[in-house]
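Secondary and tertiary structure notes
Listed below are the residues making up each chain.
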Amino acid sequence: MSNQPKVNLSEKFKFGTQLGKGSFATVVVATEVATGTAYAMKVIDKARCRGQEEHIVKEITILKKIRHPNIVQLFDVFETRDKLYLQMEYVTGGELFDRIVNRGNYTELDARTLIKSILEAVTYLHRQNIVHRDLKPENLLMAGPNDSPPPPTPRASDDIDQVKLADFGLATMAETDFMLKTSCGTLTYVAPEILRQEKYGKPVDMWSIGVITYILLCGYPPFWAEDDTGVLELTLRGKFKFFSPDWDSITPTAKDFISRLIVVDPSKRMTCEDAIAHPWIAAAEEAPKRVL
Ligand code: ADP
Ligand code: MG
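Notes on the structure follow. (Residues numbered from 1 in each chain as written. Chains lettered and ligands numbered in written order. Predicted model: local features only at pLDDT ≥ 70, side-chain atom pairs only at ≥ 80, totals over all residues.)

1. A short note on the overall build of the chain
The criterion, for reference: The helix count covers DSSP runs of H or I at least four residues long, the strand count covers runs of E at least two residues long, and both are numbered beginning at the N terminus. Exposure classes come from backbone-placed C-beta atoms, where a residue is buried if 20 or more other C-beta atoms lie within 10 Å of its own, exposed if 12 or fewer do, and partly exposed in between. By definition, residue pairs are in contact when their C-beta atoms, positioned from the backbone, come within 7 Å.
Within the chain one finds eleven helices and seven strands. Across the 292 residues that make up the chain, the buried fraction comes to 32%. Contacts spanning at least 24 positions in sequence make up 67% of the contacts within the chain whose residues lie at least 6 apart.

2. Description of the site of ligand 1
Rules: In this analysis, residues qualify as near a molecule or strand once their C-beta atom, positioned from backbone atoms, comes within 6 Å of it. We call Asp, Glu, Lys and Arg charged. Ala, Val, Leu, Ile, Met, Phe, Trp, Tyr, Cys and Pro are nonpolar, and the rest, Gly among them, are polar.
Close contacts around ligand 1 come from 18 residues, with G20, G22, V27, A40 and D167 the closest. Of all the secondary structure elements, the ones that give two or more residues to the shell around ligand 1 are β1 (13-21), β2 (25-32), β3 (38-45) and β5 (83-89). The residue inventory of the shell around ligand 1, partitioned by class, reads ten nonpolar, three polar and five charged.

3. Thoughts on the sheet that holds strand β4 (residues 74-79)
Strand-to-strand pairing in sheets goes through backbone hydrogen bonds, with the strands running parallel or antiparallel. Cut-off, in case you're wondering: Pairing between two strands is assigned when DSSP locates at least 2 bridges connecting them. Under this scheme, a helix contributes an axis fitted over its contacting stretch, all axes are lines through C-alpha atoms, and angles between N-to-C directions fall in the 0 to 180 degree range.
The strand order across the open sheet formed by five strands is β1-β2-β3-β5-β4, and the pairing between neighbours is antiparallel. Both outer strands of the open sheet, β1 and β4, are each paired with one neighbouring strand and no more. Pairwise comparison of adjacent strand axes, ignoring direction, gives a mean angle of 25 degrees for this sheet. As paired strands, β2 and β3 are joined by seven bridges and run antiparallel to one another. Pairing of T26 across the sheet is with V43, part of β3.

4. Notes on the pairing of β4
Here β4 runs beside β5; their pairing, made up of five bridges, is antiparallel. Within β5, the residue paired with D76 across the bridge is Q87. Hairpin connection from β4 to β5: three residues lie between these consecutive antiparallel strands.

5. Topic: the nonpolar core
Taken as a class, soluble globular proteins show a tendency for nonpolar side chains to be buried jointly. For clarity, the threshold we go by: Working definition: the nonpolar core is a set of buried Ala, Val, Leu, Ile, Met, Phe, Trp, Tyr and Cys residues, joined through C-beta atoms within 7 Å.
Among the nonpolar cores identified, the biggest contains 62 residues, and M41, I118, I209 and L261 are the most heavily contacted of them. Among the elements that line this core, the one with the most residues is helix α7 (residues 203-218), at ten residues. Leaving out residues up to four positions away in the same chain, M41 has contacts with F13, V27, V28, A30, Y85, L86 and Q87.

6. Focus: the environment of R133
Within the element layout of this structure, R133 appears in the loop between α4 (108-127) and β6 (140-142). It is 8.4 Å that separates the C-alpha atoms of R133 and V190, two residues lying 57 residues apart in sequence.

7. A look at the packing of α4 against α7
The following threshold applies: Orientation labels follow simple angle bins: below 35 degrees gives roughly parallel, above 145 gives roughly antiparallel, 65 to 115 gives roughly perpendicular, and whatever is left gives oblique. Rotating anticlockwise by less than a right angle from the far helix to the near helix defines a left-handed crossing, while the corresponding clockwise rotation defines a right-handed one.
In contact at an axis separation of 10 Å, α4 and α7 are set at 165 degrees when each is read in the N-to-C sense. With respect to their mutual orientation, α4 and α7 come out roughly antiparallel. Regarding α4 and α7, the two cross each other, and that crossing is right-handed. Along the contact surface, α4 presents E108, A111, L114, I115, I118, L119 and V122, while α7 presents D205, I209, T213, L216 and L217. Split by residue class, the contact of α4 with α7 holds nine nonpolar, one polar and two charged.

Here it is in structure tokens:
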């Protein structure tokens, strides 16, 4: 993959706790010995992506250029005979998924703040023709109190930390992983055109953002059935409801926002730019600033 000088990874980093595990990669804490800085190291098993090395190098080159406050930064990539090591920014606040589980649901103001950050990150990616394609609360990490400097203005809620997108871009590599995942219970966020095995692109991210918004506001997914086949059928039809009483107190603007994202026809779905301009996001009140 590279003509880079050889580094001894086990001398450069002290490997620690496992942060997560997927079907082709493991993420562990790796502390750089020289600086004491903790990173998240994604260790990818090359055997799982044989024959795609060139693609992977190309994609990693793109990922290394990405700089956005709401996207987990990739600092460096190392390679051994069997493995690829992605040295990433370590985000310590846990997964958004766990926050939803703990809180049940979010207030509309908090949900809006979160979704706005996600939209800003996805707009940045889409402008560079990068589709995340696996947006879901497990891949949205929360910056912990020490990850970033304090914001210049007071936040809407003390409980809302900065959100960071993780786990994207390695589309070719994730192909098998993706199919695997979709067949074992994470159909919740998958756009119908993917299920129909049609050509797909940026709109799949917008569908997922619609589903995430729905879940943030009520605590359960828009398409729910006893098994995957049921979820698949409901998703393909795209019919969902704002159930009473859960949705009674939610503003019509929020419902409109969701209804323009969870749309079966990808060409009729809002784009990221549309979503940012939608009144639910655009008219978001700024948190009050202290005057004196
Ligand atoms: P996979 O492709 O296996 O889903 P991810 O990149 O999503 O891999 O990582 C799996 C899990 O590891 C994430 O859901 C998260 O809990 C944890 N994780 C990943 N990246 C980071 C990071 N930069 N900082 C902290 N935890 C991380
Ligand atoms: Mg993931």
